[in-house]
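Understanding the architecture of this molecule
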Amino acid sequence: MLAAEVPGLLNRIANQVRPLLSQGRLPKYIPQLGRVNKLQFGMAFVTLDGQEVLAGDAETPFSIQSISKLFALMLALERVGDDLWSRVGKEPSGMPFNELVQVDQEAGAARNPFINAGALVITDVLCSTFAQPELALLQTLRQSAGDERVDIDQAVMWSERDTCHRNAAIAHLLKSYGRIKNSVHTVLDTYCRQCALTMSSLQIARSALPLATIEGLSPDGACAKLSAAQRHSVTALMLTCGTYNAAGDFAARIGLPMKSGVGGGIVAVIPGIGCVCAWSPGLDDTGNSLAAGRAIELFAEHTGLSVLGSSTKTYSAQ
Ligand code: GLN
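This write-up is about the structure you can find in this document.

Overview of the sheet that holds strand S1 (residues 42-47)
- One open sheet accounts for 5 strands, arranged S2-S1-S8-S7-S6; its pairing is antiparallel. The open sheet terminates on both sides in strands that have one partner only, identified here as strand S2 (52-56) and strand S6 (258-260). Going from strand to strand, the sheet's axes swing by 10° on average, the running direction of each strand aside.
- By the bridge criterion, 6 bridges tie S1 to strand S8 (residues 274-279) in an arrangement that is antiparallel. Its bridge partner being in S8, glycine 42 is matched across the sheet by tryptophan 279.
- Where helix H12 (residues 290-303) meets the sheet, its contacts fall on S1, S6, strand S7 (265-270) and S8, and the angle it forms with S8 comes to roughly 145°.

Topic: the site of the ligand
- Neighbouring the ligand are 13 residues, the closest being Tyr29, Gln65, Ser66, Tyr191 and Tyr244.
- Here an oxygen atom of the ligand and a side-chain polar atom of asparagine 167 are 2.8 Å apart.
- For the ligand, the accessible surface in isolation is 300 Å², of which the surrounding protein chains cover 99%.

Conventions and cut-offs
- Residues numbered from 1 in each chain as written.
- Predicted model: local features only at pLDDT ≥ 70, side-chain atom pairs only at ≥ 80, totals over all residues.
- Heavy atoms only, no water.
- Pairing = 2+ DSSP bridges.
- Helix = DSSP H or I, 4+ residues; strand = E, 2+ residues; numbered from the N terminus.
- Axes fitted to C-alpha atoms, helices over the stretch in contact; angles between N-to-C directions.
- Contact = heavy atoms within 4.5 Å.
- Near = heavy atom within 4 Å.
- Polar contact = N/O pair within 3.5 Å; in protein donor to acceptor, adjacent residues only side chain to side chain.
- Areas by Shrake-Rupley, 256 points an atom, 1.4 Å probe, with all protein chains shown as cover.

Printed below as a string of structure tokens:
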């Protein structure tokens, strides 16, 4: 497939996933997210050589939720370096993202940065690093997205803050094992603010773009400060843990490093090429967007951009 054919492809994908939009479920455990119109779909493909292809609601902001775990990890790695890995592991949990029994059974160890336990530890690191961690993340994302409109949705933030009993339980468990240094209140507050960041598919794809960098190619942006080894760790974690306990299934179906959020966004990194982000609010049973997951699957199938190598299709920038 030629790059020039991608706009047509994204529009075809938007049509193909339309029947799925009404099927997914909204995450009612965060009441404000339960009020979103399910029938929205957007997709953005952004390349290292500067192309941006959009379809549907690609510029509509939505709650990035757990996609913030990716950006928080990138920022923490950039500031703290590889010492970060002494605080959080690199193993899939095989459990839902908000599992807490495993945290207790493993004496407060956080298996990886993309489950809530690990993300709370990363947030704790950011709380120790910045006076206003959520603002540091916000500024970083405004810069990497090249867009000052990236923001924190206060209604979503309060909606989660009022109802985050499971995350509070996880944070207290982590604290009881000495795994977080700041107060539970501070960490939870910051975590809810970072989850309430609102970005469009286009802004997310731009902000994840440094992860697609291979040697010799280096886009600007604060997150581009990661070393090659750090980018490899982050993308490997996206492949093995980025879509929670569906990560194995996603890897087998799609074969790209991905990170999802219960706001319905999924961003995928295509090393050496770029990033694709799809969004639709309706979720499957594992908390991943039904239509966005299928859209990225169709994208990988049609372009051949996947580590699976089963496709006879190839992508060419010219
Ligand atoms: N804020 C959500 C939570 O902690 C994020 C979960 C997600 O997007 N998977 O439950």
